[in-house]
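One letter stands for each residue in the lines below.
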Amino acid sequence: MYQHLLDKKARLAVVGLGYVGLPVALEFARKIPVIGFDINSRRIELMQKGIDPNKEVEADHFKDCDITFTDDEEILRTANVFIVAVPTPVDKYNVPDLKPLISACTLIGRVLKQGDYIVFESTTYPGCTEEDCVPVLEQLSGLKMGTGFKLGYSPERLNPGDKKNTLKTVVKVVSGCDAESLDEIAKIYELVVDAGVHRASSIKVAEASKIIENIQRDLNIALMNELSLIFDRMGINTFEVIEAAGTKWNFLKFHPGLVGGHCISVDPYYLTYKAASLGYESKVITASRFINDDMAKYVARKIITHVLRNSNEPKVLVKGVTFKENVSDIRNSKIIDTVKELLAFNFQVDVEDPYAGTDEVYEEYGLHLTRKAANDYDAVIVTVPHAPYMSLTDEDFASITRPHAIVADLKGIYKNKITSRNYWSL
């Protein structure tokens, strides 16, 4: 298959053109013929014009690419290698929602041909690819894995907003259903991954490796958040503690904060779900999820306590609604939980963000982004270190707040810089 792709006798399709799928598709399209498939026709129209709907990929990255963007199943049928990069969210009960993944399998199963390859990049629990996806593919295609089609798993490692650690520069974990598929899939990814590949011993090992990458971060951030809860009661600034502890060579510099987005705050639930199905109830992972999920309400409680002592008409400005700095991604943004708590206490809450899309924020959360800040806020919550926020001064905050106001700096950006207003950070 690798040689057929190089000789342009075969085509590679990427199914799902979001934050992961589009960069992957464009990198391959510089080397081999690619079909970029997505069920959202509006997004396809933008990409056909060289526009990334997520505002992550710059226009010049679309140039010199042999790629066809489509939502047409018949065009997808002409592909021979399918890379699946669809979302794997959880529902409101934090139970894995496999509907997007199974829908992608249903689609591919209808167009699958003898000898085709499917590689999953979507994050999921160990066993999902073979236990949940393969039966759908086999039933709809009439083919058997191994003899009829080949299967692999290669977890995505893209980091939205990160221009340094990219598909090309980060080692890619690859796996296959047999030795032949592992070798072919490894060579295919080596076309675009300069850092090389790591060949996992099985698909389950590759799935598990991705899950624990994010669980490890979740656990470490939960520890910092718990320390923040303790140090706040002691009147100690957590960021100053971390700065001091960080002078030791083996101290890991994780920081407290709201843990949102589509990876760290979601992936642990996939492993705990699978573990529960096997009769094991996770303790450490579940505890870290509880701590991190509760931090948004803790922030709200701090703001409510301060503001109600000083104002009968509480008014708060939230600066930043994306889940991390310098990206437009608002998925699973935890500051929304803070906003909901404030609204429940009849606070007026204005929300602004230089990166988030106005329509997307309203569609997802029912919130209107504020175009211009007022000058009478009782509190300002700065959630993420967006580039435009980094240069804000004490005078800037004084100009939009009342004298008794509090500046809640969740990421410690303005430590020792706010003097004319009350200052608090995690």
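Residues numbered from 1 in each chain as written. Predicted model: local features only at pLDDT ≥ 70, side-chain atom pairs only at ≥ 80, totals over all residues. Heavy atoms only, no water.

### Notes on the overall build of the protein chain
Phase 1: Helix and strand counts for the protein chain come out as 14 helices and 13 strands.
Phase 2: Relative to the 2.2 N^0.38 estimate, which gives 22 Å for 426 residues, the radius of gyration of the protein chain is 24 Å and therefore close to what a compact globule would have.
Phase 3: Dimensions of the protein chain, computed from C-alpha atoms along their principal axes, come out at roughly 70 × 50 × 40 Å.
Phase 4: Taking all 426 residues of the protein chain together, 53% fall into the buried category.
Phase 5: Long-range pairs, those at least 24 residues apart, make up 74% of the contacts in the protein chain with a sequence separation of at least 6.
Phase 6: Approximately 19400 Å² of the protein chain is accessible, and the part contributed by carbon and sulfur atoms is 52%.
Phase 7: The averaged location of the 59 negative side-chain charges in the protein chain is 2 Å from the averaged location of its 50 positive side-chain charges. (Helix = DSSP H or I, 4+ residues; strand = E, 2+ residues; numbered from the N terminus. Rg over C-alpha atoms; globule rule 2.2 N^0.38 Å. Buried < 20%, exposed > 50% of the residue type's maximum accessible area, 1.4 Å probe, protein only. Contact = heavy atoms within 4.5 Å. Areas by Shrake-Rupley, 256 points an atom, 1.4 Å probe, with all protein chains shown as cover. Lys, Arg positive; Asp, Glu negative; His and termini not counted. Charge placed at Lys NZ, Arg CZ, Asp CG, Glu CD.)

### A word on the UniProt feature "domain: UDP-glucose/GDP-mannose dehydrogenase C-terminal" (unreviewed entry) in the protein chain
Phase 1: The UniProt feature table records "domain: UDP-glucose/GDP-mannose dehydrogenase C-terminal" (unreviewed entry) at residues 317–416.
Phase 2: Between the first and last C-alpha atoms of residues 317–416 the distance is 21 Å; the span itself is 23% helix and 23% strand. (UniProt positions renumbered as here; feature names shortened; annotations may be inferred.)

### Structural notes on unusual backbone geometry
Phase 1: Backbone geometry at K55 places phi at a positive 60°, although glycine is not the residue there.
Phase 2: Relative to the elements of secondary structure, K55 occurs in the loop between α3 (41–48) and β3 (67–70).
Phase 3: Accessibility expressed as a relative area gives 57% for K55, which makes it exposed.

### Some details on the pairing of strand β9 (residues 315–319)
Phase 1: In terms of residue burial, β9 counts as a mostly covered element, since 5 of its 5 residues are buried.
Phase 2: Side-chain alternation along β9 places K315, L317 and K319 on one buried face and V316 and V318 on a second face that is also buried.
Phase 3: Here 5 bridges tie β9 to strand β10 (residues 348–352), and the two strands are oriented parallel to one another. Paired with V318 across the two strands is V351, which belongs to β10.
Phase 4: As paired elements, β9 and strand β11 (residues 377–382) share 4 bridges and run parallel to each other. Across the sheet, residue K319 finds its bridge partner in β11, namely V382. (Pairing = 2+ DSSP bridges.)

### A short note on the nonpolar core
Phase 1: Residues F82, I118 and F120 are the most contacted members of the largest nonpolar core, which totals 40 residues.
Phase 2: The leading source of residues in this core is helix α5 (residues 99–111), at 6 residues.
Phase 3: Taken domain by domain, this core gets at least three of its residues from each of domain 1 (1–201) and domain 2 (219–425).
Phase 4: Those residues within four positions of F120 in sequence are excluded, and the remaining contacts are V84, L101, C105, T129, C133, L137, L151, G152, Y153 and S154.
Phase 5: Counting 39 residues, the second largest nonpolar core, distinct from the first, contains I44, I67, F69 and Y117. (Core = buried A, V, L, I, M, F, W, Y, C linked by side-chain atoms within 4.5 Å. Domains from an automatic or database assignment.)

### Comments concerning the layout of surface pockets
Phase 1: What the second largest pocket holds in volume is close to 420 Å³.
Phase 2: What lines the second largest pocket is a set of 19 residues, and nearest its centre among them are P23, V57, H61, D162 and T166.
Phase 3: The residue inventory of the lining of the second largest pocket, partitioned by class, reads 7 nonpolar, 5 polar and 7 charged. (1 Å grid on protein atoms, 1.4 Å probe; cavity = no way out; pocket = protein on both sides within 12 Å on 5 of 7 lines; lining within 4 Å. Points joined across faces, edges and corners; volume = space filled by probe spheres on them. Nonpolar A, V, L, I, M, F, W, Y, C, P; charged D, E, K, R; others polar.)

### What to know about the domain arrangement of the protein chain
Phase 1: Looking at the protein chain, the domain boundaries give domain 1 (1–201) and domain 2 (219–425).
Phase 2: Computed over C-alpha atoms, the centres of domain 1 and domain 2 are 34 Å apart.
Phase 3: Counting residues at the interface gives 22 residues for domain 1 and 18 residues for domain 2.
Phase 4: Buried area between domain 1 and domain 2, both sides added, is near 1600 Å², and the carbon and sulfur share of it is 58%.
Phase 5: When the area that domain 1 buries against domain 2 is broken down by residue, the three leading residues are Y19, N94 and Y125, summing to 28%.
Phase 6: Counting every contact that joins domain 1 to domain 2 gives 1 salt bridge.
Phase 7: Note that K274 and E131 form a salt bridge whose closest N and O atoms lie 2.9 Å from each other.
Phase 8: Summed over the shared surface of domain 1 and domain 2, the number is 8 residue pairs in polar contact (both at pLDDT 80 or more). (Buried area = accessible area lost by both parts, 1.4 Å probe. Salt bridge = Lys/Arg side-chain N within 4 Å of Asp/Glu carboxyl O. Polar contact = N/O pair within 3.5 Å; in protein donor to acceptor, adjacent residues only side chain to side chain.)

### Details of the packing of aromatic side chains
Aromatic ring pairs: the centre-centre distance and the angle between the two ring planes describe each pair.
Phase 1: Evaluation of the coordinates by the stated rule reveals 6 aromatic pairs.
Phase 2: Seen in terms of ring centroids, Y125 and Y270 are 6.1 Å apart; in terms of plane orientation they differ by 35°. Their pairing is tilted. With Y125 in the loop between β5 (117–120) and α6 (128–141) and Y270 in helix α10 (residues 267–277), the pair connects residues that are 145 residues apart, well separated along the chain.
Phase 3: A relative accessible area of 4% places Y125 in the buried class.
Phase 4: Taking the relative accessible area as the measure of exposure, Y270 reaches 1% and is therefore buried.
Phase 5: Taking the centre distance of 5.9 Å and the plane angle of 40° together, the rings of Y125 and Y273 count as tilted. You can see Y125 sitting in the loop between β5 and α6 and its partner Y273 sitting in helix α10, a full 148 residues away along the chain.
Phase 6: Residue class for Y273 comes out partly exposed when judged on its relative accessible area of 40%.
Phase 7: Of the aromatic side chains, those joined through ring pairs into one cluster are Y125, Y270 and Y273. (Phe/Tyr/Trp six-rings, centres within 6.5 Å; stacked < 30°, edge-to-face > 60°.)

### Some details on empty space enclosed by the protein
Phase 1: In the structure shown here, the tally under the stated rule is 2 cavities of 30 Å³ or more.
Phase 2: The computed volume of the largest cavity comes to approximately 50 Å³.
Phase 3: Contributing to the lining of the largest cavity are R157, L158, T166, L167, V170, V171 and K172.
Phase 4: When its volume is computed, the second largest cavity comes out at roughly 30 Å³.
Phase 5: Lining the second largest cavity we find L12, V81, I83, V119, I185, I188 and Y189.
Phase 6: Counting residues per element, the ones that place at least two in the lining of the second largest cavity are β4 (81–84) and α7 (179–190).
Phase 7: At 3 residues, α7 tops the list of elements feeding residues into the lining of the second largest cavity.

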